[in-house]
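Spelled out from the first residue to the last, the chains are:
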Amino acid sequence: SIFRTPCTSPSEKWLHEQTKSLSNEDLSNFFDWYLHVLPFAYKLYVENNEYDDEYFGVNGEYTTEIQSIHRRTEDFWTDSRVDGDVGEISLFCAH
């Protein structure tokens, strides 16, 4: 018999702590019904699409880095000459 030690991370431990009161059925429904994407769907389709005030990190400490990555992503797709509007690449947070 092979002895296996579970590999856990702080985020896995946090998620387990947050969901331990949910039944397996409720947890399955959460993912089966894509409820985990609701903040992003709301941000994309419902909320006002003015993203000038977006920030990343609790106090905006990651905003500059994330915006730089986003610009490089847009440049990549522009340089690849893929048909379509590069403006379709949206960057928004869902706090």
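Everything in this summary refers to the structure shown in the same document. (Residues numbered from 1 in each chain as written. Predicted model: local features only at pLDDT ≥ 70, side-chain atom pairs only at ≥ 80, totals over all residues. Heavy atoms only, no water.)

Moving on, we come to the overall build of the protein. Looking only at helices and strands, the protein features 4 helices and 0 strands. In sequence order, the protein lays out its α and β elements as α-α-α-α. Across the 95 residues that make up the protein, the buried fraction comes to 9%. Long-range contacts, defined here as pairs at least 24 residues apart, represent 49% of the contacts in the protein between residues at least 6 apart. (Helix = DSSP H or I, 4+ residues; strand = E, 2+ residues; numbered from the N terminus. Buried < 20%, exposed > 50% of the residue type's maximum accessible area, 1.4 Å probe, protein only. Contact = heavy atoms within 4.5 Å.)

Oppositely charged side chains can form a pair if their charged atoms are brought close together. The tally for this structure, following the rule as stated, stands at 1 salt bridge. With its nearest N and O atoms 2.8 Å apart, the salt bridge here joins Glu17 to Lys20. Given a relative accessible area of 44%, Glu17 falls into the partly exposed group. Taking the relative accessible area as the measure of exposure, Lys20 reaches 54% and is therefore exposed. (Salt bridge = Lys/Arg side-chain N within 4 Å of Asp/Glu carboxyl O.)

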